[in-house]
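An overview of the molecular structure
Here's the letter readout for the chains.
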Amino acid sequence: MQFYIETERLILRDILVSDIEGIFELDSDPIVHKYLGQKPIKTKEKAAEIIAFIHSQYKNLGIGRFAAIEKDSGDFIGWSGLKLNTGKKEALNGKTEFYDVGFRFIPRYWGKGYATESALAALNFGFNKMNLETIVGAAEVDNIASNKVLQTIGLRFINEFTYQNTPCNWYELKNSDYAKTMS
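Residues numbered from 1 in each chain as written. Predicted model: local features only at pLDDT ≥ 70, side-chain atom pairs only at ≥ 80, totals over all residues. Heavy atoms only, no water.

**Some remarks on the overall build of the protein**
Scanning the protein for helices and strands turns up five helices and eight strands. Each helix (α) and strand (β) of the protein, taken in turn from the N terminus, gives the series β-β-α-α-β-β-β-α-β-α-β-β-α. Taking 183 residues into account, the globule formula puts the C-alpha radius of gyration at 16 Å, and the protein, at 16 Å, falls close to it. The principal-axis extent of the C-alpha atoms belonging to the protein is close to 40 × 40 × 35 Å. Here the analysis covers contacts within the protein between residues at least 6 apart in sequence; of these, 59% occur between residues at least 24 apart. Carbon and sulfur atoms make up 51% of the accessible area of the protein, which amounts to about 9,800 Å² in all. Charge-centre separation for the protein: the mean point of 22 positive side chains lies 3 Å from the mean point of 23 negative side chains. (Helix = DSSP H or I, 4+ residues; strand = E, 2+ residues; numbered from the N terminus. Rg over C-alpha atoms; globule rule 2.2 N^0.38 Å. Contact = heavy atoms within 4.5 Å. Areas by Shrake-Rupley, 256 points an atom, 1.4 Å probe, with all protein chains shown as cover. Lys, Arg positive; Asp, Glu negative; His and termini not counted. Charge placed at Lys NZ, Arg CZ, Asp CG, Glu CD.)

See below:
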């Protein structure tokens, strides 16, 4: 697949094998993994496995997370975008097949609005290019920043659920509601 989206300050594109340093910096950081089960990676080999997994999503599911590149610096700052969850491992909030919007950034890029900017671009892509009916988002209840982004981009709180003994919030946005907000 070849994905490429430009926003005001970002380029969202396929994650490349050459992004290994950025993926390693992102996913080896314990602060990044505070609300992700606290399991940061320890090796670049694991970063390569993450990239290979995302490539398999592009190939087999037609979508996967996008690398987020800061236009001004050209730096890999994290990832954002859509993912098709197939429920092969386990259901999430009782759902087994859904598209979710997600984002993960290297901490020095936090607080700059990149999550909101990139997630809005992902919603636009999902609803207008892929013609998806619903896009969801989930975040641990205690992850205030991620919950705020999901609400800011227009997803509506549906319910609280428990995932791996952790309370999480579930959000959804329908294409018809998105279209109303864009007109």
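**Structural notes on the environment of W110**
Among the structural elements, W110 can be located in the loop between β5 (98-105) and α3 (114-129). Assessed through its relative accessible area of 43%, W110 is described here as partly exposed. When residues no more than four places from it in sequence are discounted, the contact partners of W110 are I31, V32 and F105. A polar contact of 2.7 Å, which involves the side chain of W110, links it to the backbone oxygen of F105. (Buried < 20%, exposed > 50% of the residue type's maximum accessible area, 1.4 Å probe, protein only. Polar contact = N/O pair within 3.5 Å; in protein donor to acceptor, adjacent residues only side chain to side chain.)

**Considerations on helix α2 (residues 44-61)**
The end-to-end C-alpha separation of α2 is 25 Å, in line with the 26 Å expected for 18 residues at 1.5 Å each. Taken as a whole, α2 has its buried residues at A47, I51, I54, Q57 and Y58. One face of α2 carries all of its buried residues, which in axial projection span an arc of 110 degrees. Facing away from the buried side of α2, by more than 90 degrees, are the exposed residues E45, K59 and N60. Those residues of α2 that are buried lie in contact with β2 (10-13), α1 (20-27), β3 (66-70) and β4 (76-85). G62 occupies a position one or two residues after α2 and carries a positive phi of about 80 degrees. (Expected span 1.5 Å × (residues − 1). Arc of directions from axis to C-beta.)

**Some details on the side chain of N147**
By the element assignment, N147 lies in helix α4 (residues 144-152). For N147, a relative accessible area of 6% corresponds to the buried category. In contact with N147, other than residues within four places in its own chain, are A139, E140, V141, N169 and Y171.

**Remarks on the environment of I106**
Residue placement: I106 occurs in the loop between β5 and α3. Sequence separation between I106 and I144 is 38 residues, and the spatial gap between their C-alpha atoms is 17 Å. In this view, I106 contacts G22, E25, L26, F76 and I77; residues no more than four positions away in its chain are not counted.

**Re the pattern of salt bridges**
Applying the stated criterion across every chain, the model contains 10 salt bridges. For the salt bridge of D27 with R104, the shortest nitrogen-to-oxygen distance reads 2.7 Å. Of this pair, D27 sits in helix α1 while R104 sits in strand β5, and the two are 77 residues apart along the sequence. The partner of K46 in a salt bridge is E49, and the shortest N-O contact between them spans 3.4 Å. Within this pair, K46 and its partner E49 are both found in helix α2, separated by three residues, close to a single helical turn. (Salt bridge = Lys/Arg side-chain N within 4 Å of Asp/Glu carboxyl O.)

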